[in-house]
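# Notes for the structure review
Each chain is listed here by its residues.
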Amino acid sequence: MADQQIFKKWVPRWLIFVTTILLLVPTLLLFAMSTANVPAAVGYYGIEPADVQFSLLVFYAAIAAFTPLETRFFNRIATKEYLLICLSLQILLAYGVYHSSSLSIILPIRFVQGIVNCGTTSICLNLLFRQLHSNYAREIGYAIFYGL
């Protein structure tokens, strides 16, 4: 899947790189946003601190469960459409978590957030790898990702 499916030919490489990094930032924030301030989440949702940590585990479990399957989706749907679907779902799911107050609603949404996060991260990492023209593109890409 070529970059031309997402980016026009006239777009400079540095802009593609910056855009890809900016697309990665919200997905990285979702990794630990809910546990960044456990007392605030407990007060906002009216749940126990253990429930907040469990919601993060549900999120991680979804990522771990979906990672092997994600390649099938990525290969069957065009990159641009897959990216737009994932970004749209991320926004809707974040809105759903923000406006829900029941743990029985939050946990399934967090699971789906993990699945969508996995898709977005995979697309952005692949775009990042393509912009790094080096024998060590994957290593550099992962170093940037985990460094963020």
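Before any of the text, the structure's been laid out above.
Nothing here was measured: the structure is a model prediction, and the numbers come from that model. (Residues numbered from 1 in each chain as written. Predicted model: local features only at pLDDT ≥ 70, side-chain atom pairs only at ≥ 80, totals over all residues. Heavy atoms only, no water.)

### Remarks on the side chain of Gln90
One can find Gln90 in helix H4 (residues 79–99). Here Gln90 falls in the buried class, since its relative accessible area comes to 7%. Beyond its immediate sequence surroundings of up to four residues, Gln90 is in contact with Thr27, Leu30, Val116, Asn117 and Thr120. (Helix = DSSP H or I, 4+ residues; strand = E, 2+ residues; numbered from the N terminus. Buried < 20%, exposed > 50% of the residue type's maximum accessible area, 1.4 Å probe, protein only. Contact = heavy atoms within 4.5 Å.)

### Notes on the environment of Ser100
Structurally, Ser100 is set in the loop between H4 and helix H5 (103–131). Taking C-alpha positions, Ser100 is 40 Å from Val11, a pair spaced 89 residues apart along the chain. Leaving out residues up to four positions away in the same chain, Ser100 has contacts with Tyr45, Ile105 and Ile106. Here Val97 takes part through its backbone oxygen, which lies 3.2 Å from a polar atom of the side chain of Ser100. (Polar contact = N/O pair within 3.5 Å; in protein donor to acceptor, adjacent residues only side chain to side chain.)

### Concerning the packing of aromatic side chains
In the structure shown here, the tally under the stated rule is four aromatic pairs. Aromatic side chains Tyr44 and Tyr98 sit 5.7 Å apart centroid to centroid with 25 degrees between the ring planes, which places their arrangement in the stacked category. With a gap of 54 residues between them, Tyr44 in helix H2 (residues 38–45) and Tyr98 in helix H4 connect regions that are remote in the sequence. (Phe/Tyr/Trp six-rings, centres within 6.5 Å; stacked < 30°, edge-to-face > 60°.)

### Let's talk about the nonpolar core
In terms of nonpolar packing, the biggest core is built from 37 residues, with Phe31, Tyr45, Tyr82, Ile123 and Phe145 touching the most fellow members. When residues of this core are traced back to their parent elements, those giving at least two are helix H1 (13–36), H2, helix H3 (49–76), H4, H5 and helix H6 (137–147). For this core, the element with the highest residue contribution is H5, accounting for ten residues. Look past the residues within four positions of Tyr45 in its chain and what remains in contact with it is Val97, Tyr98, Ser100, Ser101 and Ile106. (Core = buried A, V, L, I, M, F, W, Y, C linked by side-chain atoms within 4.5 Å.)

### Things to note about the packing of H5 against H6
One can describe the packing of H5 onto H6 by two numbers: an axis separation of 9 Å at closest approach and a directional angle of 130 degrees. Taken together, the axis directions place H5 and H6 in an arrangement best described as oblique. Here H5 and H6 pass one another in a crossing that is right-handed. Facing H5, whose interface residues are Thr121, Leu125, Leu128 and Phe129, H6 presents Ala137, Arg138, Gly141, Tyr142, Ile144 and Phe145. Residue composition of the contact of H5 with H6, by class: seven nonpolar, two polar and one charged. (Axes fitted to C-alpha atoms, helices over the stretch in contact; angles between N-to-C directions. Parallel < 35°, antiparallel > 145°, perpendicular 65-115°, else oblique. Left-handed = near helix turned anticlockwise from the far one by under 90°. Nonpolar A, V, L, I, M, F, W, Y, C, P; charged D, E, K, R; others polar.)

### A short note on a nonpolar patch on the surface
The grouping of Trp14, Leu15, Val18, Leu22, Val25, Leu29 and Met33 at the surface amounts to a nonpolar patch, some 670 Å² of accessible area in total. Within the secondary structure, Leu22 is located in helix H1. (Patch = residues over 30% accessible without salt bridge, like charges linked within 9 Å, V, L, I, M, F, W, Y side chains within 5 Å. Areas by Shrake-Rupley, 256 points an atom, 1.4 Å probe, with all protein chains shown as cover. Salt bridge = Lys/Arg side-chain N within 4 Å of Asp/Glu carboxyl O.)

### Section: the environment of Arg13
Checked against the element boundaries, Arg13 lands in helix H1. Given the relative accessible area of 48%, Arg13 is considered partly exposed. Linking Arg13 and Gln131, residues 118 residues apart in sequence, is a C-alpha distance of 6.8 Å. Arg13 has contacts with Gln131 and His133, leaving out every residue within four places of it along the chain.

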